[in-house]
Amino acid sequence: MPIKNYCFILITSLLTTNLFAQDSTDVMSSLEKETTKDETVYTNATFKTTRVVSGHSTENTAPGVLDFRINHRFGQLNTGIYNWFGLDEATMRMGFDYGISENFMVGIGHSTFQKSYDAFVKIRLLRQSTGKKNMPITLSYVPVIAINTLRPDPPTLPKPDFADRVSFTNQLIIGRKFSESSSLQLMPTYIRRDTISFPYTKRNAFAIGIAGRQKISRRVSVNAEYYYQLPDTKSPEATNVLSLGVDIETGGHVFQLHFTNSRGMIEKSFIAETSGRWDDGDILFGFNISRVFHIKKTKDHW
Amino acid sequence: MKKVFFCLLVVLITNVNAYAQKYFTKNGYISFFSKAKLENIKADHNQVLSTLDIGTGDMQFSLLIKGFHFPKATMEEHFNEDYMESDKYPKATFKGKITNLAQIDFTKDGTYNATVSGDLTMHGVTKKNFSTSGTITIKDGKISANSKFNVLLKDHNIKIPKVMASNIAETIEITVTCSYPNKT
């Protein structure tokens, strides 16, 4: 009997000490596990800015932030030394983007190219996240309206109707940040063209874009963007746009430097109205500058 | 005979129990403050995990870098992307011990000075034997801990580019306020 008792005590004491020998590290790791299950961590900075090169990325301007953007394209490199390899020429789009909420931003702009006005909204429908809510991709919808306001040339030609000047672009962006430094996105796009900007055959155009980002250091990344136009709806005069660029971040500014074969900086222009060819040397150097202003401070702070 | 053993057992269990009093919180508060020539930056974190073992003096903290919130959205983005690299190093932790445990009476209301020493890890770099002081307050049996200390960015290999030197301080002041309502 006593031996049994001893055994019993020994076992119980072993068990109890074991039970309470759980140290702070164990407590902490179980707390950490709990919180990763309970919280949703959203993926940030899939791209550095709201644009890859000319087209939209999955990023939204943060709520309360006004982003003043200047996009600039010089002339074609193959115009030679007389044209200073394109630097004598320039087209520009100046615009303002504003983040209304976490998943909703708006923007307006004016381009010297075709004297166009444009406006867009970007709605983030799904956002890549891990934790409580696990979502592998970010999905955004970007409708763009653009108005070509060029006067008839020569002026004796009949003035086009307003309806002939207006074009619409509907774009979905499906993006994923695969690792800390690599992101990819696909952009199926439908364009309802205007009738005066480009020698079209059809008013409807379909394209699918692919774009990627690779970080090469904390502040520098390499970007690429390509849009493939479906042959059925592509104008015979048009080529597909390919742009390669570098993003450089310096505190409040982001500089995007790139080479592209497109002059236009509005969706319908660079996707469906590009006529330059990379293999002919119709390459343009360009840059985007973004400067953000905080209009509103973020909620629940100070 | 049986009774004696039973008593022994009870003593044993309660003894072990008494030395295993671990408190924890999931809502600790940590803020940091950077005072530089051009701007002052403050960020708050309200979901700090912390444990305190009043038997051994073990004290631990853990937080997700992305949980720091800033008054400006771009500050938060730069903090995560450029400085803390929070995708690569998602957590900051402290694992240490109260070194003057004997001077703190957890059963009696009051405010006690406490010295804590241990390993502070952030941005993937651990600073061993990091020591700081603060206070432990007992009120109506409830424990809370407060501390204010400085962290040098260069100790954790966090680099500030020269152009940002007037915007971000080299030394960051950290404030910790945790109460421990839960017991394991």
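Scroll up to find the structure.
Reading the values: the criteria
- Residues numbered from 1 in each chain as written.
- Chains lettered and ligands numbered in written order.
- Predicted model: local features only at pLDDT ≥ 70, side-chain atom pairs only at ≥ 80, totals over all residues.
- Helix = DSSP H or I, 4+ residues; strand = E, 2+ residues; numbered from the N terminus.
- Buried ≥ 20, exposed ≤ 12 C-beta atoms within 10 Å, placed from the backbone.
- Contact = placed C-beta atoms within 7 Å.
- Rg over C-alpha atoms; globule rule 2.2 N^0.38 Å.
- Core = buried A, V, L, I, M, F, W, Y, C linked by C-beta atoms within 7 Å.
- Expected span 1.5 Å × (residues − 1).
- Pairing = 2+ DSSP bridges.
- Axes fitted to C-alpha atoms, helices over the stretch in contact; angles between N-to-C directions.

Q: Lay out the overall build of chain B with the relevant residues and their values.
A: Scanning chain B from terminus to terminus reveals two helices and nine strands. Moving toward the C terminus, one meets the helices and strands of chain B in the order α-β-β-β-α-β-β-β-β-β-β. Out of the 184 residues in chain B, the part that is buried amounts to 27%. Expressed as a percentage of contacts within chain B between residues at least 6 apart in sequence, the contacts between residues at least 24 apart total 57%.

Q: Hey, could you go over the overall build of chain A for me, with residue numbers and the actual values?
A: Looking only at helices and strands, chain A has four helices and 14 strands in total. For chain A, whose C-alpha radius of gyration is 27 Å, the value lies well above the compact-globule estimate of 19 Å for 302 residues. With respect to the three principal axes, the spread of C-alpha positions in chain A is 120 × 45 × 40 Å. The proportion of buried residues among the 302 residues of chain A is 37%. Considering only residue pairs separated by 6 or more positions, chain A has 59% of its internal contacts joining residues 24 or more positions apart.

Q: Talk me through the nonpolar core; I want residue IDs and the actual numbers.
A: In terms of nonpolar packing, the biggest core is built from 33 residues, with B:V48, B:L52 and B:L63 touching the most fellow members. If we ignore the near neighbours within four places in the chain, the residues touching B:V48 are B:G28, B:Y29, B:I30, B:F61, B:L63 and B:C178.

Q: Tell me about helix α2 (residues 24–38) of chain A, and name the residues and values.
A: The α-helix advances 3.6 residues per turn, and as a result positions three or four apart in sequence lie on the same side. Over its 15 residues, α2(A) runs 21 Å from end to end, which matches the ideal 21 Å to within 8%, given 1.5 Å per residue. Looking at the buried positions of α2(A), the neighbouring elements they touch are β1 (22–35), β2 (40–53) and β3 (58–64) of chain B.

Q: So what's going on with unusual backbone geometry? Which residues, and what values?
A: Glycine aside, negative phi is the norm for most residues, and most peptide bonds take the trans geometry. Omega for the bond connecting A:D153 with A:P154 falls within 30 degrees of zero, at 0°, which places this linkage in the cis form. Note that A:P154 resides in the loop between β7 (138–148) and α3 (162–165). With a phi angle near 50°, B:N129 is a residue other than glycine that sits in the positive phi range. Following the sequence through the fold, B:N129 ends up in strand β6 (residues 125–139).

Q: Go over the environment of B:Y112 with me, naming the residues and quoting the values.
A: All names here are of chain B. Mapping Y112 onto the fold places it in strand β5 (residues 110–122). The spacing of Y112 and N100 is 12 residues in sequence and 10.0 Å in space, taken between C-alpha atoms. With near-sequence residues (within four places) excluded, Y112 lies in contact with Q103, I104, T135 and I136.

Q: Mind laying out the pairing of strand β12 (residues 242–250) of chain A, listing which residues take part and the relevant values?
A: Residues and elements named next belong to chain A. Where strand β11 (residues 220–229) and β12 come together, seven bridges link them in antiparallel fashion. For S221, the partnering residue across the bridge sits in β12 and is D247. The pairing of β12 with strand β13 (residues 253–260) spans eight bridges and is classified as antiparallel. Looking at the pairing, I248 lines up with F255 of β13.

Q: Residues and numbers for helix α2 (residues 73–83) of chain B, please.
A: Turning to α2(B), its buried residues are B:A73, B:M75, B:H78, B:F79 and B:E81. Those residues of α2(B) that are buried lie in contact with β2 (65–76) of chain A together with β2 of chain B.

Q: An account of the sheet that holds β12(A) is requested, with residue identities and associated values reported.
A: Residue and element names in this part refer to chain A. Within the closed barrel, the 12 strands sit side by side as β2-β3-β4-β5-β7-β8-β9-β10-β11-β12-β13-β14. Their pairing is antiparallel. On average, each strand axis in the sheet is tilted by 20° relative to the strand beside it, whichever way the strands run. In this structure, β13 lies alongside strand β14 (residues 284–294), joined through eight bridges in antiparallel fashion. Across the sheet, the residue bridging to L257 is F287, located in β14.

Q: Any details on the pairing of β1(B)? Residues and values, ideally.
A: Residues and elements named next belong to chain B. Of the strand pairs in this sheet, β1 and β2 are connected by 11 bridges, and their pairing is antiparallel. Following the sheet pairing, F24 is matched in β2 by T51. Count of turn residues in the β1/β2 antiparallel hairpin: four residues. In the sheet, β1 pairs with strand β9 (residues 182–183) via two bridges, with the strands oriented antiparallel. Bridge pairing in β9 places Y23 opposite K183. The sheet contact formed by β1 and strand β8 (residues 171–180) spans five bridges and is antiparallel. Bridging across to β8, F33 finds its partner in E173.

Q: Account for the environment of A:R218, with residues named and values stated.
A: Turning to its location among the elements, A:R218 is positioned in the loop between β10 (204–215) and β11. A residue is classified by how many C-beta atoms lie within 10 Å of it, and A:R218, with 14 of them, is partly exposed. Not counting the four nearest positions on each side in its chain, A:R218 is found in contact with B:D82 and B:E85.

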